[in-house]
Amino acid sequence: MSTTRTELVQAFDSLLQPDRFKDYGPNGLQVEGKARIGRIVSGVTANRALIDAAIAARADAIFVHHGLFWRGQDGRITGWMKQRLQRLLAHDINLLAYHLPLDAHPQLGNNAQLGRVLGLAADARFGEQDLGFAAPAAFDSGQALADHVAQTLGRPVTLVEGGAQPLRRVAWCTGGAQGYFESAVAAGADAFITGEISEPQAHLAREMGVSFIAAGHHATERYGAPATAAHVAAALGLEHEFIEIDNPA
């Protein structure tokens, strides 16, 4: 089975509602390819390795969280940008990217899916554009939560222990959301999970008594794209494959 490019974009737009968000780049169709789509590949980032893998998988469309175009970037088509675009255009592959809309979806988005994987059932939202999620929890300490996150995601994490014990409420926001830490604390969190940590958060965690866990930008955002693409593909009768391109960051 197949669908049109227009129908595919409409399906993703209807689900993710990109017009609701102030974002750092264009959401939706970023590179136009063939008019009919039968097979979708999903991934986290539209890097060259993913594009090459999608070509090998004979994809008609790629669906990602991190697309090619961002506010303030150099607009010249040279170097790595030329190489990525050259491959997409040569093989007539559509590229669809949804950034904050994919973080925010209450069931299929990055935050919802990270919560599912970690066994956290969100009952509240917080932060700018309600991107942060929070849930009741039961962990003896920040270290116990960090061990659970590391084991579940299959990678080491960075923990700054806040001191609160036991943990009864955990907040999280995937990717580079370290700036949401103070909003998480204001929302009543005993611990906060995100992808990255910057210098100020270590001090704030210790001074506020709230543990901070940085579990990797890629690692925390690798669940929303396949869940969303699989959902849309099933609704439209399309083939779907998630391709993981490892990233230690």
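Anything mentioned here points back to the structure above.
In this report, we go over the structure that sits alongside the text. (Residues numbered from 1 in each chain as written. Predicted model: local features only at pLDDT ≥ 70, side-chain atom pairs only at ≥ 80, totals over all residues. Heavy atoms only, no water.)

What follows covers the overall build of the chain. In terms of helices and strands, the chain carries 10 helices and 13 strands. Against the globule reference of 18 Å for 249 residues, the chain gives a C-alpha radius of gyration of 19 Å, in line with a compact fold. Across its three principal directions, the C-alpha atoms of the chain cover 55 × 40 × 30 Å. Residues counted as buried form 52% of the 249 residues belonging to the chain. The contacts of the chain with a sequence gap of at least 6 include a subset with a gap of at least 24, amounting to 68%. (Helix = DSSP H or I, 4+ residues; strand = E, 2+ residues; numbered from the N terminus. Rg over C-alpha atoms; globule rule 2.2 N^0.38 Å. Buried < 20%, exposed > 50% of the residue type's maximum accessible area, 1.4 Å probe, protein only. Contact = heavy atoms within 4.5 Å.)

Here we come to helix 10 (residues 224–236). Taking 1.5 Å of rise per residue, 13 residues should cover 18 Å, and helix 10 covers 18 Å from first to last C-alpha, within 8% of that figure. Buried positions along helix 10 lie against helix 1 (5–16), strand 4 (39–45), strand 5 (61–66), helix 4 (100–104), helix 5 (110–118) and strand 13 (239–242). (Expected span 1.5 Å × (residues − 1).)

Across its 12 residues, helix 6 (residues 142–153) extends 16 Å between first and last C-alpha, which sits within 8% of the 16 Å expected from 1.5 Å per residue. Three or more residues of helix 6 are buried, namely Gly-142, Leu-145, Ala-146, Val-149, Ala-150 and Leu-153. Relative to the axis of helix 6, the buried residues are bounded by an arc of 135 degrees and lie together on one face. A positive backbone phi angle near 70 degrees is found at Gly-154, which sits one or two residues after helix 6. (Arc of directions from axis to C-beta.)

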